[in-house]
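Letter by letter, the chains look like this.
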Amino acid sequence: MRAVALFDKLSVLTFKEATMRVNWKTYNPGKFFDEIISTPGYARKPARGLASYLRSLTHAELLEKKTAADLAIKTMGISFTVYSDAGNIDREWPFDIIPRIIAEKEWDKTSLGLQQRLRAINCFINDIYNDQKIFRDKIVPKELILDSGNFRKECMGIKPRFGVWAHICGSDLIKDGNGDFFVLEDNLRVPSGVSYMLENRRVAKRVFPELFEDAYNIRPITEYPAQLFDTLAAISPRRNKYPEVVVLTPGVYNSAYFEHSFLAQRMGAELVEGNDLVVENEKVYMKTIDGLSQVDVIYRRIDDEFIDPSVFNKDSLLGVSGLFNAWVKGNVALANAPGAGVADDKIIYTYIPQIIKYYLDEDPILPNVTSFLCIDKKQCQHVLENLDKLVVKPANESGGYGMLIGPQASKKELDEFARRIKADPRNYMAQPLISLSTVPILGDRVVEPRHVDLRPFVLQADKSYVTAGGLTRVAMVKGSYIVNSSQGGGSKDTWIVSDD
Amino acid sequence: MLLSRVAERVYWQARYLERVENTARLLNVFSTLMLDLPSKTKLGWHSLVEITGSSEAFDKKYKQAQERSVMRFLLAEDNGHSISAMLAMARENSRTTREVMPTEAFEQINYLYHYAKENAVKGEKRGPRHEFLEEIITGCQQLSGLMSGTISRDDTYNFLLLGRGVERADMTTRIVDVGSGDLLPGITGDNSEVEVAGPYENIMWMNILRSLSAYQMYRQHVQDIVNPEDVVEFLIQDENFPRAVVYNLNELKVILKQLPRNGTVSTQLNKALRVVRGGEIDKLLVVGLFDYIDVMQVEIASIHQKIAATWFLN
């Protein structure tokens, strides 16, 4: 299998192409900030080891490593599900072998910024569902929250342990033209991708063992499942007992099923579906071969609307009737808590810097991307006048759906979005098109720059934790900004390396 | 704490894998048997689909049971009965219970699945068929070794053993059934006289033993030439050979004792054991072997039903 795949790839290369090496002088990121070279032919300091290592291999040798990585991904069964008309397909995870390098110092600062952000967000959510001081102090308009599709009035008055509602957050970061990190969005509902971050490292170790040994001190990332378990265990309502933690999945056909299963396995937790659970006497139990067994903490990977048909979506077959009430009574912990998504909204996002200042009295360490709110008349006017230069996002979509990328849109699309914005300004915000940074990928014939983003994962309960790096997603198509794996994006291992 | 749903999937994963291995053994031995027979002899290829319990699906699709069509049907087609299809189901059950199984176990099942998907079609031809089937059998054996060497002796493991035991007992009865069927010209069914079976009968029984890797153990423990009575007795009633029906039922008994709420399953198991042990093989070979096997299969199926009713998600 391996020989054949390699032969297929090599057979389309000319001898010259196969024996060629990366030429950093002709590698051309254009006007974008490239994370590996500063000027043609010169690598940035943390990337020097990688740049010279890549040059020591011919293109054919690199392709051979790629084939080995593809095979490893196949045999390890690292997959994701793509929905299509022909049914759901379990596809092999797309991985580019060239790692992304980030310097330790830069990361440590970013990591502090992420923890600060999540701390403030949790204060915010807790305030909204309890005292609502932030409305009285006129930092965030009340209507914005109460109109939000993610606000759950059923959660009013509830105080989860440590005042934490969002225990797991996946924030999307990008680097701009100067190479500085910005936060693009915070995913507080059911962020996914962390299993791929961990598996990418496993594959990278197989492909580049020599780089791990000699060239770099790379920060390990394997502790994430243990940290996640500690976070979940910390919120267990039954304090005197080893907590029964479960991962609640929508089921095998969900696109992130691989991850649900992976995390359950690594944490030693039970992976349950809705019909494995039952609520009796306001407590949650799972059906085991011994009969019913009480559950303490549910890491739910199902959206709010579907967790309990008796409270939210009545037609949901994924959830458990009575679950919400068991949580309200404090007999089971839910991570993330229902209603946490209220801060995961592209409109609320624009207020996060003020929210940090308000609750923590600190300056934000990580900046937001400049944003224009369509609900504000002046800003809306600006957006409508500059639609062809802006990226427009609806408040509540994820996965890159429902977006308008102005500079790449047709006249018809622009008109359509102008109409939508005017009809429902609350639901839209716009940002200038940021010049995303680039990193090299291994193409069929040559090593070329492509745009990337980064999703680190942040945990918070009694303490907080940030992954060393995160999941780097890369747009595999030249010039493209679309990094989502469901839309042809790839991924990379991300290395936080020490400076010495 | 083992979830009912997980117990069910683990159990079925083990059953499918055992069925894959036994089907591979059966096809292998059938193909070898053919080489021992005079070239004009026509084998009853249809009995292969009967043994594997898939004649209905086969007959719907094919008018005649020829070597090629039967092989295609049992090796490669997406029909729920072929080796490829069963590996896909084993993989699906394994993929959905990865949280309780060692990573290597899934990776091995995943490898077998991809291997079968890419190579099963070649097995239609006799040449590559042997190699293909051997790889499948070896792969299944490696997996058994891997599981027995890396899984804690907990409920998950017990349900793997339950699935394997039930399937193995069932498959052995099916393979013995080959001898009572109309595989060879001259053997005409349950009331045929032993003498009518023709000169190739012993070759057939020898191959049946081989299909269960039982030939050597038979020679060591029975110490008589291969003859129908001793072979059937060895494969059905032996207490020590791991693919014999009685051995497997005894194993199940030990496992059941470790599981909660095992009452109704244990009762059914004891009933099955009485039926299996009660068969007088010498008399049955003259008349009634077919019915005896049929009754055994019903009892084994009933063990499965009791397991499902007791522990699975209902």
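Since we're looking at a predicted model, the values are computed, not measured. (Residues numbered from 1 in each chain as written. Chains lettered and ligands numbered in written order. Predicted model: local features only at pLDDT ≥ 70, side-chain atom pairs only at ≥ 80, totals over all residues. Heavy atoms only, no water.)

## Examining the overall build of chain A
The test is simple: Each helix is a run of H or I in the DSSP string that is no shorter than four residues. Each strand is a run of E no shorter than two, and both are numbered from the N terminus. Only C-alpha atoms enter the radius of gyration; for comparison, a globular chain is expected to reach 2.2 Å times N to the power 0.38, where N is the number of residues. Burial status follows relative accessibility: with a 1.4 Å probe on protein chains alone, a residue under 20% of its type maximum counts as buried, one over 50% as exposed, and anything between as partly exposed.
Along the backbone of chain A there are 17 helices and 24 strands. Its C-alpha atoms give chain A a radius of gyration of 23 Å, within 12% of the compact-globule value 23 Å for 500 residues. Counting only C-alpha atoms, chain A reaches 70 × 60 × 50 Å along its principal axes. Buried positions account for 59% of the 500 residues belonging to chain A.

## A closer look at helix α6 (residues 103–119) of chain B
For clarity, the threshold we go by: Multiplying one less than the number of residues by 1.5 Å gives the expected span of a helix.
Along its 17 residues, α6(B) runs 24 Å from first to last C-alpha, staying within 8% of the 24 Å computed at 1.5 Å per residue. Burial runs high along α6(B): 13 of the 17 residues are buried.

## Side note on the sheet that holds strand β16 (residues 390–394) of chain A
Residues and elements named next belong to chain A. Where we set the bar: For two strands to be treated as a pair, DSSP must find at least two bridges joining them.
If you walk across this open sheet you meet the four strands as β15-β18-β16-β17, and the pairing is antiparallel. Edge positions in the sheet fall to β15 (372–373) and β17 (404–405), since each has one partner strand and no second. Two elements, β15 and strand β18 (residues 428–432), share two bridges in a ladder whose sense is antiparallel. Counterpart to F372 in the pairing with β18 is A430.

## Here we look at the domain arrangement of chain A
Residues and elements named next belong to chain A. Selection rule: By convention here, the domain bounds are inherited from an automatic or database domain assignment. Throughout, the accessible surface (probe 1.4 Å) given up by two parts as they are put together, summed over both, is called the buried area. Note on definitions: salt bridges are taken to be side-chain nitrogens of Lys or Arg within 4 Å of carboxyl oxygens of Asp or Glu. Whenever two N or O atoms come within 3.5 Å, that pair is a polar contact, provided that in protein one can donate a hydrogen and the other can accept it, and provided that, for residues adjacent in sequence, both atoms are side-chain atoms.
By domain assignment, chain A separates into domain 1 (2–103 + 195–220 + 446–497), domain 2 (106–167 + 221–360) and domain 3 (372–432). The distance between the C-alpha centroids of domain 1 and domain 2 comes to 32 Å. Summed over both partners, the interface of domain 1 with domain 2 comes to about 3,000 Å²; 63% of that surface belongs to carbon and sulfur atoms. Applying the counting criterion to the domain 1 and domain 2 interface returns one salt bridge. Applying the counting criterion to the domain 1 and domain 2 interface returns nine residue pairs in polar contact (both at pLDDT 80 or more). Residue assignment for the side of domain 1 that touches domain 2 shows that the elements contributing at least two residues are β3 (79–82), β5 (96–103), α8 (194–207), β21 (457–460) and β22 (464–466). By residue number, the principal contributor to the side of domain 1 that touches domain 2 is α8, which donates seven residues.

## Description of helix α1 (residues 4–36) of chain B
The first and last C-alpha atoms of α1(B) sit 48 Å apart over 33 residues, in line with the 48 Å expected at 1.5 Å per residue. For α1(B), the tally of buried residues reaches 27 of 33 residues, placing the bulk of the element in the interior.

## A short note on the environment of Q354(A)
Take Q354(A): it is sitting in helix α15 (residues 352–360). Assessed through its relative accessible area of 39%, Q354(A) is described here as partly exposed.

## Points about the state of the cysteines
All names here are of chain A. Quick reminder of the rule: Cysteine sulfur atoms that pair up within 2.5 Å are treated as a disulfide.
Per the stated rule, a full pass over the model turns up zero disulfides over all chains. This cysteine, C155, is not joined by any disulfide, and C123 carries the nearest cysteine sulfur, 17 Å off. A relative accessible area of 0% means that C155 is categorised as buried.

## So, the nonpolar core
Heads up, the rule is: Put simply, buried Ala, Val, Leu, Ile, Met, Phe, Trp, Tyr and Cys residues joined by side-chain atoms within 4.5 Å make one nonpolar core. We call two residues in contact whenever any of their non-hydrogen atoms come within 4.5 Å of each other.
Of all hydrophobic cores here, the largest spans 243 residues; its most connected members are I136(B) and F159(B). Excluding residues within four positions of it along the chain, I136(B) makes contact with V20(B), A24(B), I83(B), L87(B), L112(B), Y115(B) and A116(B). F372(A), C380(A), L387(A) and A418(A) belong to the second largest nonpolar core, which has 15 residues in total.

## Details of unusual backbone geometry
Residue N336(A) is reached from A335(A) by a cis peptide bond, and omega for that bond is -10 degrees. Structurally, N336(A) is set in the loop between β14 (333–335) and α14 (346–349). Positive phi, close to 50 degrees, is recorded for R261(B), a residue that is not glycine. When you line up the elements, R261(B) lands in the loop between α12 (245–257) and α13 (263–278). R261(B) gets classed as partly exposed once you look at its relative accessible area, which sits at 45%.

## Looking at the pairing of strand β13 (residues 297–300) of chain A
Residues and elements named next belong to chain A. Where burial is concerned, the two faces of β13 agree: the one with V297 and Y299 and the one with I298 and R300 are both buried. In this structure, strand β8 (residues 245–248) lies alongside β13, joined through four bridges in parallel fashion. In the strand pairing of β13, L248 is matched with R300. Bridge count between β13 and β14: three bridges; the pairing is parallel. By the bridge assignment for β14, V297 is matched with A333.

## Describing the sheet that holds β13(A)
Pairing between the strands of a sheet is mediated by backbone hydrogen bonds and can be parallel or antiparallel. All names here are of chain A. In plain terms, the rule: Interaxial angle, 0 to 180 degrees, is taken between N-to-C directions of lines fitted to C-alpha atoms, where a helix line uses only the stretch in contact.
Strands sit in the order β9-β8-β13-β14 across an open sheet of four strands; the sheet is parallel. In the strand order of this sheet, the two ends are held by β9 (270–272) and β14, each with one partner. Averaged over all pairs of adjacent strands, the angle between their axes in this sheet comes to 25 degrees, without regard to strand direction. Contacting β8, β13 and β14, helix α10 (residues 224–234) crosses the sheet at an angle of about 130 degrees to β13.

## A look at the interface of chain A and chain B
Applied cut-off: Amino acids are sorted into nonpolar (Ala, Val, Leu, Ile, Met, Phe, Trp, Tyr, Cys and Pro), charged (Asp, Glu, Lys and Arg) and polar (every other residue, Gly among them).
Between chain A and chain B, the contact holds 30 residues from the first and 29 residues from the second. Taken over both partners, the interface formed by chain A and chain B buries close to 2,500 Å², and the fraction arising from carbon and sulfur atoms is 47%. The largest contributions to the chain A side of the interface with chain B come from Q265(A), I289(A) and D290(A), which together make up 26% of the buried area. Where chain A packs against chain B, one counts five salt bridges. For D276(A), the salt bridge goes to R5(B), with nearest N and O atoms at 2.6 Å. For the pair chain A and chain B, the interface holds 17 residue pairs in polar contact (both at pLDDT 80 or more). Secondary-structure elements contributing two or more residues to the side of chain A that touches chain B are α4 (59–75), β4 (89–92), α11 (257–267), β9, β11 (283–288) and β12 (291–294) of chain A. No other element matches the six residues that α11(A) contributes to the side of chain A that touches chain B. For the side of chain A that touches chain B, a count of residues per class yields 11 nonpolar, eight polar and 11 charged.

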